[in-house]
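A structural walkthrough
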Amino acid sequence: MRTTVGIIGAGPAGLLLARLLHRAGIESVVLEGRDRTYVEQRQRAGILEQGTADVLRAVGAGERMDREGLRHDGIELRFDRRRHRVDFPALTGGRSVTVYAQTEVCKDLIALQLKEGGPLLFEAEALAVEGAESDRPRVTFRHQGREDVLECDYVVGCDGFWGVARQAFPAGVCRVFERSYPYAWLGILADVAPSHDELVYARHERGFALLSMRSPAVSRLYLQVPAGTDAEAWSAEAVWDELERRFETDDGWRLERGPLTQKSVTPMRSFVHEPMRHGRLFLAGDAAHIVPPTGAKGLNLAVGDVVTLARALAHERETGSPDLLDSYSTTCLRRIWQAERFSYDMTTLLHRAPDATAFDARLQLARLERIASSRAAETDLAEAYTGFPLG
């Protein structure tokens, strides 16, 4: 099998890249190790930055998002039993975010790819990337019980943290920056209308909590728990009781309860792999970087990567110049490190570390008071949350 761009992974990064390339007249093949049902049901991010929503509209994948997604013009910070709303449009010149689950983004992009795009092979497990330094890199993969080879002009690894693409980088050219956090998120889905119309980020002495949603009828909520927590150790009643404690306010606000439909634990980590290119092999999305979910940046960073890469590939095709491809890693990393910084700031602002002192707690409250009382500090948060420029 032969194509121009071989894409490993049919998550949002790989699917959107294939769509962008198709619209630019560049052939691609997408290899996905899982089946279609798994990809379309894999629960991940749910917040789309303004730029991400705009890109999905531009490639023809925004119709259902605009119909079913929830536009949010702010978030609420909750601390010391008080509430403070951050008004995004007022602080950013009109920008907002959209609540629309990654599962739905994938469904929309898969439907478009199967209808209009190049080959999308499910249950096609990538085994290795070979010849990255040559002008004919290739991906060996297993599909329908036999091994095959995909020959390409370029290979893009959108195959996540555990994928094979990053393994093809020689150790001598790589630098890895990472931090693991001593806490995790216990996340639940519940069949109950959200108790607030925007996301609520709560800092509490017992730990962080987040109120989010997937639809007007489905709530998504999170609790900070110790790293390594077993989700099954928490009963539904215990989850709701703890959420009530951490969201408590002095104005009579109430948390509505409902039946849990899903319960899981998400570890917290920060990770960046530099560079994001080796020869004709490029990394995008979680293959190159991971952020703690506090800043709602993971999916949006992946979109920034593939928009930058698609633009570079189109530029090379149209002009013969490799300049944008050569600067791909540097261009992406500027945005990635700003997102890493923001995600780290949000995480340390709102979570209680196991060894936190009274001094640490007062610093957190002082930082939150600064955001609530300073338009400059509030604007910095709003600009970062709604999204850094793509590319």
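Residues numbered from 1 in each chain as written. Predicted model: local features only at pLDDT ≥ 70, side-chain atom pairs only at ≥ 80, totals over all residues. Heavy atoms only, no water.

1. Overview of the overall build of the chain
Scanning the chain from N- to C-terminus turns up 12 helices and 20 strands. Relative to its length of 391 residues, the chain is compact, with a C-alpha radius of gyration of 21 Å against a globular reference of 21 Å. Across the 391 residues that make up the chain, the buried fraction comes to 55%. Expressed as a percentage of contacts within the chain between residues at least 6 apart in sequence, the contacts between residues at least 24 apart total 71%. Accessible area for the chain stands at about 16,600 Å²; split by element, carbon and sulfur atoms hold 47% of it. (Helix = DSSP H or I, 4+ residues; strand = E, 2+ residues; numbered from the N terminus. Rg over C-alpha atoms; globule rule 2.2 N^0.38 Å. Buried < 20%, exposed > 50% of the residue type's maximum accessible area, 1.4 Å probe, protein only. Contact = heavy atoms within 4.5 Å. Areas by Shrake-Rupley, 256 points an atom, 1.4 Å probe, with all protein chains shown as cover.)

2. Observations regarding the pattern of salt bridges
Considering all chains together, one arrives at 37 salt bridges under this definition. A salt bridge links R82 to D80; its shortest N-O distance comes to 3.7 Å. Residue class for D80 comes out partly exposed when judged on its relative accessible area of 46%. Three or more residues are tied together by salt bridges with common partners; here these are E63, R64, R67, E68, E104, K107 and D108. (Salt bridge = Lys/Arg side-chain N within 4 Å of Asp/Glu carboxyl O.)

3. Here we look at the layout of surface pockets
One number sums up the size of the second largest pocket: a volume of about 350 Å³. Around the second largest pocket sit 17 residues that line it, and T348, H351, A353, D360 and Q364 are the ones nearest its centre. Of the residues in the lining of the second largest pocket, the class split is eight nonpolar, four polar and five charged. (1 Å grid on protein atoms, 1.4 Å probe; cavity = no way out; pocket = protein on both sides within 12 Å on 5 of 7 lines; lining within 4 Å. Points joined across faces, edges and corners; volume = space filled by probe spheres on them. Nonpolar A, V, L, I, M, F, W, Y, C, P; charged D, E, K, R; others polar.)

4. Concerning the packing of helix α10 (residues 328–350) against helix α11 (residues 358–373)
The geometry of α10 relative to α11 is characterised by a closest axis approach of 8 Å and an angle of 120° between their N-to-C directions. Taken as axis vectors, α10 and α11 run oblique relative to one another. Of the residues in α11, those in contact with D345, T348, L349 and L350 of α10 are Q364, R367, L368 and I371. Among the residues forming the contact of α10 with α11, the class breakdown is four nonpolar, two polar and two charged. (Axes fitted to C-alpha atoms, helices over the stretch in contact; angles between N-to-C directions. Parallel < 35°, antiparallel > 145°, perpendicular 65-115°, else oblique.)

5. Looking at empty space enclosed by the protein
A complete count under the given rule lists one cavity of 30 Å³ or more for this structure. Taken as a whole, the largest cavity encloses approximately 30 Å³ of empty space. Along its surface, the largest cavity is lined by P12, L16, L48, T52, L56, V105, L109, L299 and V303. A per-class count over the lining of the largest cavity returns eight nonpolar, one polar and no charged.

6. Some remarks on the nonpolar core
One finds Y201, L243, F247 and Y385 to be the most contacted residues of the largest nonpolar core, which totals 127 residues. The dominant element in this core, judged by the number of residues it contributes, is helix α8 (residues 298–319), at 11 residues. For Y201, the contacting residues outside a window of four places in its chain are I75, E76, L77, R78, F208, A209, L210, T294, M346, L350 and Y385. (Core = buried A, V, L, I, M, F, W, Y, C linked by side-chain atoms within 4.5 Å.)

7. Describing the sheet that holds strand β4 (residues 70–72)
On the basis of which strands lie adjacent, the open sheet formed by three strands has the order β3-β7-β4 and antiparallel pairing. Lying at the two open borders of the sheet, with one neighbouring strand each, are β3 (47–48) and β4. Across two bridges, the pairing between β3 and strand β7 (residues 97–99) is antiparallel. In the strand pairing of β7, L48 is matched with T98. (Pairing = 2+ DSSP bridges.)

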